[in-house]
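# Coordinate analysis (summary)
Given next are the chains, with one letter for each unit.
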Amino acid sequence: MQNLKNIFVGFLVSFIGSIPLGYLNVVGYEVFKQLGLNETVFYLLGVISIECVVIYLTLIFANQLMNNKKLIQFIEGFSVIFMFVLAYVFYSSASKETTETSTLEKYINYSPYVVGVILSCLNFIQIPFWTGWNLYLLNGKYIEISKSRKYFYVIGTLIGTFAGMLALILSLDYVTNQTDFLAKYLMKIIIPLVFVGLGLFQAFSFYKKHLKH
């Protein structure tokens with residue numbers, strides 16, 4: 001019963017956590033649009049291959065990682081800059097797509113699995129995200145990780161991430177096919193603005209947490 005509970009809790013946390021619009025979902029949508037469902041599955045497998053390692057390590061070393069304030073501060077600060085860089089990359093790629101190959105298309109020329117692995121490695125914010133969640137779940141006794149039980153929790157999180165990202169990608173595709181406005185402005189205007197908004201929100205959170213006295 002505890003193993004099933006670990007799977008369910010891991011699935012629920014990662015499914016909900018994968019829904020907010022991030023660059024992994026945006027790239028996944030582009031992979032789906034250009035290469036189809038099969039290649040999107042390989043891309044998502046690449047993403048969760050790295051997430052598997054991150055979740056396991058942060059689960060084991062949750063307390064030690066949270067106590068390393070300088071490391072967490074660096075990761076959170078870098079993620080702010082990363083969001084603004086992503087906003088520029090998607091805006092510039094969308095602006096040039098009519099005349100030249102976009103940055104994303106250059107990546108997609110390689111294996112979608114490899115693209116998923118690389119971009120998941122660059123998703124630095126997942127370290128404090130999973131460290132915080134794992135600490136919360138452990139302290140609240142929502143999960144139990146003795147012996148092999150921690151592996152059931154990790155399996156649940158990976159299934160949840162895969163299902164959540166795939167659901168969002170398919171939803172984005174459906175919405176853009178139904179709405180001409182979104183199809184025309186999603187990559188050029190809407191997505192960059194979302195990243196700018198996320199960057200501003202993270203910058204404000206960073207200021208309140210680390211700089212405001």
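See the structure shown above.
Residues numbered from 1 in each chain as written. Predicted model: local features only at pLDDT ≥ 70, side-chain atom pairs only at ≥ 80, totals over all residues. Heavy atoms only, no water.

With that out of the way, let us pick up the nonpolar core. By size, the foremost hydrophobic cluster in this structure holds 17 residues, and its most contacted members are Leu24, Val27, Tyr43, Leu44, Leu119, Met165 and Phe195. Sorting the residues of this core by element identifies helix H2 (23–35), helix H3 (37–60), helix H5 (69–96), helix H7 (112–121) and helix H9 (149–178) as the ones contributing at least two each. A total of 6 residues in this core trace back to one element, the largest contributor, which is H2. The contacts of Leu24, once residues within four sequence positions are left out, are Tyr43, Val47, Leu119, Ser120, Asn123 and Met165. (Core = buried A, V, L, I, M, F, W, Y, C linked by side-chain atoms within 4.5 Å. Buried < 20%, exposed > 50% of the residue type's maximum accessible area, 1.4 Å probe, protein only. Helix = DSSP H or I, 4+ residues; strand = E, 2+ residues; numbered from the N terminus. Contact = heavy atoms within 4.5 Å.)

At a closest axis distance of 9 Å, the pairing of H2 and H9 adopts a crossing angle of 60°. Judged on the interaxial angle alone, H9 and H2 are oblique. By crossing handedness, the relation of H2 to H9 is classed as right-handed. Contacts between H2 and H9 pair Leu24, Asn25, Gly28, Tyr29 and Phe32 from the former with Met165, Leu168, Ile169, Leu170, Leu172, Asp173 and Thr176 from the latter. In the contact of H2 with H9, the residues fall into 8 nonpolar, 3 polar and 1 charged. (Axes fitted to C-alpha atoms, helices over the stretch in contact; angles between N-to-C directions. Parallel < 35°, antiparallel > 145°, perpendicular 65-115°, else oblique. Left-handed = near helix turned anticlockwise from the far one by under 90°. Nonpolar A, V, L, I, M, F, W, Y, C, P; charged D, E, K, R; others polar.)

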